[in-house]
Amino acid sequence: MNGTLVTAILLGAAVTLCARAGPILLMSRRPLPRVVVLWLGFVPSAIMAAIVAVDLIVHPARTAGGWSVSVLAAAAALAVGLLVRSLFFTVLSGLGAFALFKAVLP
């Protein structure tokens, strides 16, 4: 390996580590305001919504009969999510519904 390449990789790793770990280390000893804690509670759902939206809009899975398995599984996951209010069970039900619809629909 070239010495310049190794230096660039190590420097990039150091900058990434500081950018990601720095705020965590600085804020770990201070109590966060309630509004920030509430706002951070939306982050997992927003990430999941972004991942699902790409799958539904850009390349939805379809069966030979034209059924959109992705949309049906998303609808099932949405129903479960509204009932149980748990990201884990919502994801689990979406995966299960996707597998079931993929196996059952023509």
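Residues numbered from 1 in each chain as written. Predicted model: local features only at pLDDT ≥ 70, side-chain atom pairs only at ≥ 80, totals over all residues. Heavy atoms only, no water.

Before going further, it helps to examine the packing of aromatic side chains. Under the definition given, this model contains one aromatic pair. Pairing F88 with F89 gives two aromatic rings, centres 5.2 Å apart and planes at 70 degrees, and the pair type is edge-to-face. For F88, a relative accessible area of 56% gives the class exposed. (Phe/Tyr/Trp six-rings, centres within 6.5 Å; stacked < 30°, edge-to-face > 60°. Buried < 20%, exposed > 50% of the residue type's maximum accessible area, 1.4 Å probe, protein only.)

With that settled, consider a nonpolar patch on the surface. Taken together, the side chains of L26, M27, L32, V37, W39, L40, V43, I47 and I51 define a hydrophobic patch exposed on the protein surface, amounting to about 850 Å² of accessible area. Relative to the elements of secondary structure, I47 occurs in helix α3 (residues 43-57). Judged by its relative accessible area of 48%, I47 falls in the partly exposed class. (Patch = residues over 30% accessible without salt bridge, like charges linked within 9 Å, V, L, I, M, F, W, Y side chains within 5 Å. Areas by Shrake-Rupley, 256 points an atom, 1.4 Å probe, with all protein chains shown as cover. Salt bridge = Lys/Arg side-chain N within 4 Å of Asp/Glu carboxyl O. Helix = DSSP H or I, 4+ residues; strand = E, 2+ residues; numbered from the N terminus.)

The next subject is helix α4 (residues 69-84). Across its 16 residues, α4 extends 22 Å between first and last C-alpha, which sits within 8% of the 22 Å expected from 1.5 Å per residue. All of the buried residues along α4 are V69, S70, A73, A77 and G81. Down the axis of α4, the smallest arc covering the buried residues is 95 degrees, so these residues share one side. Facing away from the buried side of α4 by over 90 degrees, the exposed positions are L78, L82 and L83. Looking at the packing, one finds that the buried side of α4 touches α3 and α5 (87-104). Downstream of α4 by one or two residues, R85 has phi in the positive range, about 55 degrees. (Expected span 1.5 Å × (residues − 1). Arc of directions from axis to C-beta. Contact = heavy atoms within 4.5 Å.)

Of note, R85 is a non-glycine position whose phi angle comes to about 55 degrees, a positive value. Counting through the fold element by element, R85 comes out in the loop between α4 and α5.

Attention shifts here to the environment of F98. Note on placement: F98 falls in helix α5. We classify F98 as partly exposed; its relative accessible area is 29%. Each C-alpha atom, one on F98 and one on A76, is 8.9 Å from the other, the two residues being 22 residues apart in sequence. When residues no more than four places from it in sequence are discounted, the contact partners of F98 are A61, V69, S70 and A73.

Turning next to the packing of α4 against α5. Contact geometry for α4 and α5: axes closest at 8 Å, N-to-C directions at 150 degrees. By the angle between their directions, the pair α4 and α5 is classed as roughly antiparallel. Taken as a pair, α4 and α5 cross one another with a handedness that is right-handed. Taken together, the residues of α5 that come into contact with α4 (itself represented by V69, S70, L72, A73, A76, A77, V80, G81 and V84) are F89, T90, S93, G94, A97, F98, F101 and K102. (Axes fitted to C-alpha atoms, helices over the stretch in contact; angles between N-to-C directions. Parallel < 35°, antiparallel > 145°, perpendicular 65-115°, else oblique. Left-handed = near helix turned anticlockwise from the far one by under 90°.)

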